[in-house]
Amino acid sequence: MNEPRIVVIPTPEKWAQKAADLIIEQAQAAIEARGTWSFVLSGGGTPKPVYQALAERKGEIDWQNTFIFFGDERCVPPDHPESNYRMAKEAFLDAVPIEQQNIFRMIAEIGPKEAAEDYQGMIEAHFFKAEKRFDTLLLGLGNDGHTASLFPGEPALKEDTAWVVPSHNPHNQTERLTLTFPAINSARNILFLVTGESKAPVIADVIQNPSGFPNYPAKQVIVTESAPTWLLDQAAASELNS
Ligand code: 6PG
């Protein structure tokens, strides 16, 4: 297994710009190579400044050949404050010249089971004539080692066939939808976007103790072809061995 690539950026502004640099590079390379770019967004709060940087630099991406997917979603309406779709829409999707039909929203408000079946169908249809692999897949990390909505102890962690399944957040018992490890681990490029001191212990354990206890869900992100890139600020990287 390839070693993860670790990039530590000192300031929040430079961190967001470096993330945008990497994403734009991958977008241009994917479109050059295959004519399209599939970009999977992560949720929560961390990626918002990265999405805003992409909006500022919208001229550097060919949005006509860009296809947006989501790594996970809360089972709430798309205009709900907790919606990952709403956060991305406000941070950059409304500001870039992308067709609505190129944005594949998880319609999680209809309920996790139906929404998972619906999203699986959207993914299959999109990749119908192509290799079923996302080009760029963003991931966040929770203090409990979860990523996307793959939380410790959840049955979703064991899914080895479907690409989208229901899940739930055990910390507040809310229902979610999430991509699974088969979907994540087949991606061409995985970019973990993590900032903040609270994540430092988990990051150090996931990166430096990848096959040891505790078995944080993020440790199951195992990409053979191209190891994940961890884009961290100094606080998040503060417990890594130098
Ligand atoms: C979500 C995310 C989740 C997130 C982590 C970190 O829907 O919440 O997909 O995996 O990335 O929980 O969240 P923060 O960025 O808010 O710390």
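Predicted, not measured: the structure shown is a model, and the values here were computed from it.

Student: When you look at the pattern of salt bridges in this model, what are you seeing that I'm missing?
Tutor: Any two side chains of opposite charge can pair, so long as their charged atoms come close to each other. Following the criterion strictly, the structure yields 14 salt bridges and no others. A salt bridge links Glu 82 to Arg 74, with the nearest nitrogen and oxygen atoms 2.8 Å apart.

Student: Just to check I follow, could you spell out the nonpolar core for this structure?
Tutor: For soluble globular proteins, nonpolar side chains are generally found buried alongside one another. Ranked by internal contacts, the top residues of the largest apolar core, which has 82 residues, are Phe 70, Phe 92, Phe 134 and Leu 179. If near-sequence neighbours (up to four positions away) are discounted, Phe 70 is found in contact with Val 40, Leu 41, Asn 84, Tyr 85, Ala 88, Leu 93, Ile 103, Phe 104, Arg 105, Met 106, Tyr 119 and Leu 179.

Student: Honestly, helix 4 (residues 112-126) in this entry has me stumped. Any pointers?
Tutor: Side chains that are three or four residues apart share a direction in an α-helix, a result of its 3.6 residues per turn. Its 15 residues place the ends of helix 4 21 Å apart at the C-alpha level, agreeing with the 21 Å of an ideal helix rising 1.5 Å per residue. Turning to helix 4, its buried residues are Pro 112, Ala 115, Ala 116, Tyr 119, Gln 120 and Ile 123. The buried residues of helix 4 occupy an angular sector of 140 degrees when projected down its axis, which confines them to one face. Structural note: helix 4 exposes Lys 113 and Ala 125 on the side pointing more than 90 degrees away from its buried face.

Student: Just to check I follow, could you spell out the sheet that holds strand 3 (residues 66-70) for this structure?
Tutor: One open sheet holds the 6 strands; their spatial order is 1-9-8-5-2-3, and the pairing between them is parallel. The sheet terminates laterally at strand 1 (5-9) and strand 3, the two strands that pair on one side only. Mean inter-strand twist for the sheet, computed between neighbouring axes without regard to direction, equals 20 degrees. Two strands pair when backbone bridges link them, and strand 1 and strand 9 (residues 229-233) are joined in this way by 5 bridges, in the parallel orientation.

Student: How should I be thinking about the packing of helix 2 (residues 48-56) against helix 3 (residues 84-91) in this particular structure?
Tutor: Interhelical geometry of helix 2 versus helix 3 gives an angle of 35 degrees and a closest axis separation of 8 Å. Each of Lys 48, Tyr 51, Gln 52 and Ala 55 in helix 2 lies in contact with helix 3, whose residues at this interface are Met 87, Ala 88 and Ala 91. Among the residues forming the contact of helix 2 with helix 3, the class breakdown is 5 nonpolar, 1 polar and 1 charged.

Student: What's the story with the site of the ligand in this structure? I'm lost.
Tutor: Taken together, 14 residues surround the ligand, and among them Thr 46, Asp 72, Arg 74, His 146 and Ala 148 come closest. At 2.7 Å, a side-chain N or O of His 146 approaches an oxygen atom of the ligand. Ala 148 is positioned such that a nitrogen or oxygen atom in its backbone is 2.6 Å from an oxygen atom of the ligand. In this structure, the ligand is accommodated by the largest pocket. Its residues assigned to classes, the shell around the ligand shows 2 nonpolar, 8 polar and 4 charged.

Student: Could you clarify how one ought to interpret the environment of Asn 65 in this entry?
Tutor: By the element assignment, Asn 65 lies in the loop between helix 2 and strand 3. When the C-alpha positions of Asn 65 and Thr 147 are compared, they lie 27 Å apart, and in sequence the two are 82 residues distant. With sequence-adjacent residues up to four places away left out, Asn 65 is seen in contact with Ile 31, Gly 35, Thr 36 and Trp 37. Separated by 2.6 Å, the side chains of Asn 65 and Asp 62 make a polar contact.

Definitions and limits used
- Residues numbered from 1 in each chain as written.
- Predicted model: local features only at pLDDT ≥ 70, side-chain atom pairs only at ≥ 80, totals over all residues.
- Heavy atoms only, no water.
- Salt bridge = Lys/Arg side-chain N within 4 Å of Asp/Glu carboxyl O.
- Core = buried A, V, L, I, M, F, W, Y, C linked by side-chain atoms within 4.5 Å.
- Buried < 20%, exposed > 50% of the residue type's maximum accessible area, 1.4 Å probe, protein only.
- Contact = heavy atoms within 4.5 Å.
- Helix = DSSP H or I, 4+ residues; strand = E, 2+ residues; numbered from the N terminus.
- Expected span 1.5 Å × (residues − 1).
- Arc of directions from axis to C-beta.
- Pairing = 2+ DSSP bridges.
- Axes fitted to C-alpha atoms, helices over the stretch in contact; angles between N-to-C directions.
- Nonpolar A, V, L, I, M, F, W, Y, C, P; charged D, E, K, R; others polar.
- Near = heavy atom within 4 Å.
- Polar contact = N/O pair within 3.5 Å; in protein donor to acceptor, adjacent residues only side chain to side chain.
- 1 Å grid on protein atoms, 1.4 Å probe; cavity = no way out; pocket = protein on both sides within 12 Å on 5 of 7 lines; lining within 4 Å.
- Sits in = over half its atoms within 2 Å of the grid points.

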